[in-house]
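# A closer look at the structure
Listed below, chain by chain, are the residues.
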Amino acid sequence: MNGRRILLVVSGGIAAYKVPEIVRALTRSGHEVRCVLTAAGAEFVSPLVLQSLTGNAVRQSLFDAGEEGAIGHIELADWADAVVVAPATANLLARLAHGLADDLASTVLLATRAPLLVAPAMNVNMWEHPATQANLTTLRERGVRFVGPDAGELACGWEGQGRLSPPEEIAAETGLLLGSLSLAGACVVVSAGGTREPIDAVRSLTNRSSGKMGYALAAEAALRGAEVRLISGPSHLPTPAGVERIDVETSLEMRDAVLADFERAAIVIMAAAVADFRPAEASERKIKKEDLAEDAGLQLQLVRNPDILAEISAERGNRIVVGFAAESHDVLAAARRKLKRKGCDLLVANDISRADAGFETDENAVILLTPDGASEELPLLPKPEVAARIFDRIEKLREDRR
Ligand SMILES: Cc1cc2nc3c(=O)[nH]c(=O)nc-3n(C[C@H](O)[C@H](O)[C@H](O)COP(=O)(O)O)c2cc1C
């Protein structure tokens, strides 16, 4: 969709084992990726793995006649829309800062005019060394963009700054570096997770939604350059890079948060599993058995929650509103009825009776339905890939509307 060409330079740090994840995050966003490995980089990650993931030959040597004949180093430098160095060793930073061109990676880095994103990773003492810090200053002054390193426990056993940034963050920063992203300037609101409706001071009604699908959608919107507001029910998932997260508990709080951002939103995706009912009254104190008669049960009176999706669909104007339907049987027919009832632009239906998809899983198999009666069934895919396919569809709807 965003179809840009990324040259990924991999130098010889232990964090190179995370490079396949970086490649996947970049290709998921629609980018074509080619890799250059330094000799030390090839000690940590197999060229064969990177070749399989990118679908392109991996280049390692300046003087290999076969490699150079297939695509020359200057051709490679010119091919790239952006160059990402991840992980960047202290050594490669030094060579880059001083303009050395003593292997393929450094030569391509000197020859390219594409914007550069560098993700350093090293031992904390190497990072804090005045030589490394001086090299960083030089590179920053030259307009090189950096992501990380993060602080934490390091592979070498030390604690401190030096960890490679997470792959999704490197991909998101690459998106920002590329500038002209398909959703740049658009505000995208995504609701995620399940709501929690209090019964008393300790108990609540909730559901099995993990929030993974909504979080994947928020991450994808950020990769496409959108300003993203993620309205999340209780969840332990990390907030995706470039995403603003608003935590809520109840359906009523979720409604308030969605409406607060509705005005500026261009796209609203209701991926949260919002409770249809809530206890009519939540006791401020814990309801205790001994306060009830000996064999008495407890009756809970439930009242309906407002239907946020129907409400915003009716008021949507030019916005694209997307709903989700978790169905356990007769999925397509139930989803069609729901789409009609809610009046949104796109409904994403999933069959929660499948063990391998839906709630709490890392993969999902969904059907995309539009009001014109069309439906598209996607195969079982990891949730980030489902998110990318949903956004491809949303962007198509936006284009058609224009
Ligand atoms: C096990 C091991 C792990 C290493 N990890 C790092 C690292 O995380 N960061 C770094 O800057 N250098 C690291 N090095 C040192 C580099 O591999 C070394 O400086 C090498 O010359 C870098 O070459 P390159 O920059 O051309 O890839 C490590 C070396 C070894 C043996």
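Residues numbered from 1 in each chain as written. Predicted model: local features only at pLDDT ≥ 70, side-chain atom pairs only at ≥ 80, totals over all residues.

Let us now look at the overall build of the protein. Each helix and strand counted, the protein has 14 helices and 21 strands in total. Across its three principal directions, the C-alpha atoms of the protein cover 85 × 50 × 40 Å. Looking at the protein as a whole, 45% of its 402 residues are labelled buried. Intrachain contacts of the protein at a sequence separation of at least 6 include 68% that bridge at least 24 residues. (Helix = DSSP H or I, 4+ residues; strand = E, 2+ residues; numbered from the N terminus. Buried ≥ 20, exposed ≤ 12 C-beta atoms within 10 Å, placed from the backbone. Contact = placed C-beta atoms within 7 Å.)

With an omega of -10 degrees, the peptide bond running from A86 to P87 counts as cis. Mapped onto the secondary structure, P87 falls in strand β3 (residues 82-88). The amide bond that connects G148 to the next residue, P149, takes the cis arrangement and shows omega of 0 degrees. Counting through the fold element by element, P149 comes out in the loop between β5 (145-146) and β6 (150-153). We note that D330 has phi near 50 degrees; this positive angle belongs to a residue other than glycine.

Taken together, 15 residues are adjacent to the ligand, and S11, G12, G13, T38 and T89 come closest. At 3 residues, the largest contribution of residues to the shell around the ligand is made by helix α5 (residues 90-97). Tallied by class, residues from the shell around the ligand come to 8 nonpolar, 7 polar and no charged. (Near = placed C-beta within 6 Å. Nonpolar A, V, L, I, M, F, W, Y, C, P; charged D, E, K, R; others polar.)

This part takes up the domain arrangement of the protein. Taken domain by domain, the protein consists of domain 1 (5-178) and domain 2 (187-401). Listed by partner, the interface residues are 7 residues for domain 1 and 11 residues for domain 2. Looking at the side of domain 1 that touches domain 2 element by element, the count peaks at 5 residues for helix α9 (residues 167-178). Of the residues assigned to the side of domain 1 that touches domain 2, the class counts are 2 nonpolar, 2 polar and 3 charged. (Domains from an automatic or database assignment.)

With their axes 10 Å apart at the nearest point, helix α1 (residues 19-28) and helix α2 (residues 47-54) run at an angle of 10 degrees to one another. By the angle between their directions, the pair α1 and α2 is classed as roughly parallel. Contacts between α1 and α2 involve V19, P20, V23 and R24 on the former and, on the latter, V49, L50, L53 and T54. (Axes fitted to C-alpha atoms, helices over the stretch in contact; angles between N-to-C directions. Parallel < 35°, antiparallel > 145°, perpendicular 65-115°, else oblique.)

So, about the packing of α5 against helix α8 (residues 130-141). Remark: α5 packs on α8, axes separated minimally by 9 Å, with the N-to-C direction vectors making an angle of 50 degrees. It follows that α5 is oblique to α8 by the angle criterion. Taken as a pair, α5 and α8 cross one another with a handedness that is left-handed. Contacts between α5 and α8 involve A90, L93, A94, L96 and A97 from the former and A131, T132, N135, L136, T138 and L139 from the latter. Split into classes, the residues belonging to the contact of α5 with α8 amount to 8 nonpolar, 3 polar and no charged. (Left-handed = near helix turned anticlockwise from the far one by under 90°.)

Moving on, we get to the environment of R5. Mapped onto the fold, R5 is located in strand β1 (residues 5-10). When the C-alpha atoms of R5 and L26 are compared, they prove to be 9.8 Å apart, with 21 residues separating the residues in sequence. If near-sequence neighbours (up to four positions away) are discounted, R5 is found in contact with E32, W79, A80 and D81.

A few words now on the sheet that holds strand β17 (residues 346-351). Strand order in this open sheet of 8 strands is β12-β11-β8-β13-β16-β17-β19-β20, and the pairing throughout is mixed. The two strands at the open ends of the sheet, each matched to only one other strand, are β12 (243-247) and β20 (375-377). Averaged over all pairs of adjacent strands, the angle between strand axes in this sheet comes to 15 degrees, irrespective of strand direction. Where strand β16 (residues 320-327) lies against β17, 6 bridges are found, and the strand directions are parallel. Bridging across to β17, A326 finds its partner in N350. (Pairing = 2+ DSSP bridges.)

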